[in-house]
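Fold and contact review
Residue-level listing of the chains:
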Amino acid sequence: MSDMNRIMTIAAASLLASPAFAASGPFFSLKNTDFVVTIGFIVFLGVLLYFKVPTLLMGMLDKRAEDIKSELDEAKAVREEAQALLASYERRQREVQEQADRIIAHAKEEAVLAGEQAKADLEKSIARRLAAAEDQIASAEASAVKEVRDRAIAVAIEAARDVVAKQMTAKDAAKSIDEAIAEVGQKLH
């Protein structure tokens with residue numbers, strides 16, 4: 001009821017402050033316009049109080065205050081949720097960045113290992129090719145030596161035949177052939 005007291009105080013102050021005596025006739029007469037206006041104002045205030053308008057206005061203001069408070073609380077909750085979501089996204093971003101860094105480091109290690117393996121494979125391939133080339137060279141040398149020996153033997157046989165042919169007579173040749181036949185015969189039996 002403090003609102004009612006406040007309204008009554010305002011009404012009384014307005015009655016005292018108004019130039020009520022400026023109108024014609026006594027103040028408490030229906031012919032005095034100031035008195036009629038004052039009575040109308042008091043009746044208006046009575047109607048407002050009868051229908052509990054100040055209580056309704058205060059209720060509406062309280063409801064509006066509660067609505068504003070609930071909207072502020074909701075905004076605060078949404079803000080906190082947004083901050084939590086932002087923190088979650090930042091944490092996920094850090095995790096993804098760390099994972100990307102690990103993948104890059106792993107890829108670099110694999111590249112280094114692959115390079116070392118390729119180098120080792122290349123060295124083995126070069127060693128095999130060198131060994132094959134050395135084998136070919138040795139085979140070619142052996143072939144050349146055999147060919148030179150064979151040619152030397154052929155030349156020596158030819159030279160020996162020429163020497164033997166010049167020194168041997170027909171009788172010696174027949175005797176030599178007979179001895180060779182006998183020797184072969186003994187070896188065969």
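As a starting point, this report considers the structure included with it.

Rules and cut-offs
Residues numbered from 1 in each chain as written. Predicted model: local features only at pLDDT ≥ 70, side-chain atom pairs only at ≥ 80, totals over all residues. Heavy atoms only, no water. Salt bridge = Lys/Arg side-chain N within 4 Å of Asp/Glu carboxyl O. Helix = DSSP H or I, 4+ residues; strand = E, 2+ residues; numbered from the N terminus. Buried < 20%, exposed > 50% of the residue type's maximum accessible area, 1.4 Å probe, protein only. Phe/Tyr/Trp six-rings, centres within 6.5 Å; stacked < 30°, edge-to-face > 60°.

**Notes on the pattern of salt bridges**
Enumeration over the complete set of coordinates arrives at two salt bridges. Here lysine 63 ties to aspartate 67 by a salt bridge, and the two come within 3.3 Å at their closest N and O atoms. Highlighted residues: lysine 63 and aspartate 67, both in helix H3 (residues 53-167), separated by four residues, approximately one helical turn. Given a relative accessible area of 28%, aspartate 67 falls into the partly exposed group. Aspartate 150 is the salt-bridge partner of lysine 146, the closest N and O atoms lying 3.5 Å from each other. With a gap of four residues between them, lysine 146 and aspartate 150 both fall in helix H3, about one helical turn apart. Given a relative accessible area of 40%, aspartate 150 falls into the partly exposed group.

**Things to note about the packing of aromatic side chains**
If you walk through the whole model with that rule in mind, you get one aromatic pair. Relative to phenylalanine 51, the ring of tyrosine 50 has its centre 5.1 Å away and its plane inclined at 80°; by these criteria the two rings are edge-to-face. Comparing tyrosine 50 with phenylalanine 51, the two get one shared label, exposed.

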